[in-house]
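Here are the chains, one letter per residue:
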Amino acid sequence: MLLQVHGFRKEIAMKNSAARLKVLNETFVPDERKIEIRKSLRRIEGQVKALERLIDSNRPCAEFLTQTAATQEALRRVGRLMLTNYLERCVTLAIKEGRNDEIYEEFTSLIYKLIK
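By convention here, each chain's residues receive numbers from 1 onward along its written sequence. Predicted model: local features are reported for residues with pLDDT of at least 70 only, side-chain atom pairs are reported and counted for 80 or more only, and whole-chain, interface and lining totals are derived from all residues. With hydrogens and water set aside, each side-chain value is computed from the structure's full complement of heavy atoms.

Student: For this particular structure, what's the right way to read the overall build of the chain?
Tutor: To qualify as a helix, a DSSP run of H or I must reach at least 4 residues; to qualify as a strand, a run of E must reach at least 2; elements of each kind are numbered from the N terminus. A count of helices and strands for the chain gives three helices and two strands. Start at the N end of the chain and walk to the C end: the helices and strands fall as β-β-α-α-α. With a 1.4 Å probe rolled over the protein chains alone, any residue whose accessible area is under 20% of its type maximum counts as buried; one over 50% counts as exposed, and the rest are partly exposed. Expressed as a percentage of the 116 residues in the chain, the buried residues total 19%. The contact rule is simple, with two residues in contact once any of their heavy atoms fall within 4.5 Å. Counted over contacts in the chain with a minimum sequence separation of 6, partners at least 24 positions apart contribute 51%.

Student: Whenever I open this one, the packing of helix α1 (residues 31–56) against helix α2 (residues 61–96) confuses me. Can you help?
Tutor: When two helices pack together, you describe them by how their axes are tilted relative to each other and by the distance separating the axes. Throughout, an axis means a line fitted to C-alpha atoms (over the contacting stretch in the case of helices), and angles, computed between N-to-C directions, take values from 0 to 180 degrees. Following both chains from N to C, one finds α1 and α2 inclined at 160°, their axes separated by 10 Å at the closest point. The angle between α1 and α2 falls in the class roughly antiparallel. The crossing of α1 and α2 is left-handed. Here the residues of the contact of α1 with α2 are counted per class, giving 15 nonpolar, seven polar and four charged. Here is the rule for angles: anything less than 35 degrees is roughly parallel, anything more than 145 is roughly antiparallel, 65 through 115 is roughly perpendicular, and the remaining ranges are oblique. Two helices crossing with the near one rotated counterclockwise from the far one by less than a right angle form a left-handed crossing, whereas a clockwise rotation gives a right-handed crossing. Think of it as three bins: nonpolar holds Ala, Val, Leu, Ile, Met, Phe, Trp, Tyr, Cys and Pro, charged holds Asp, Glu, Lys and Arg, and polar takes everything else, Gly as well.

Here is the structure:
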């Protein structure tokens, strides 16, 4: 595919949609893990609201930054839960089905996104 940007033409490699991993006809995330994730997300929502209250009430910067760090760690925990789920279910299934190259590429891409 060619893309016109600021008067320059650039060729962009488009992946064939068939090369993407297929959607499973099963549950991606088991119910018990969904419950745990939802609980964490509600806690994170409360932490974000607390950040808003800290700003509105003109609290000290250190207090705000401490709450921000706690919120970020909570998001990382949710990410780790989903990564565990991804490895246990999606990666394992793809390897069993012989789609090693596809899943390794996707997994590597996800890891790079997580470590940014």
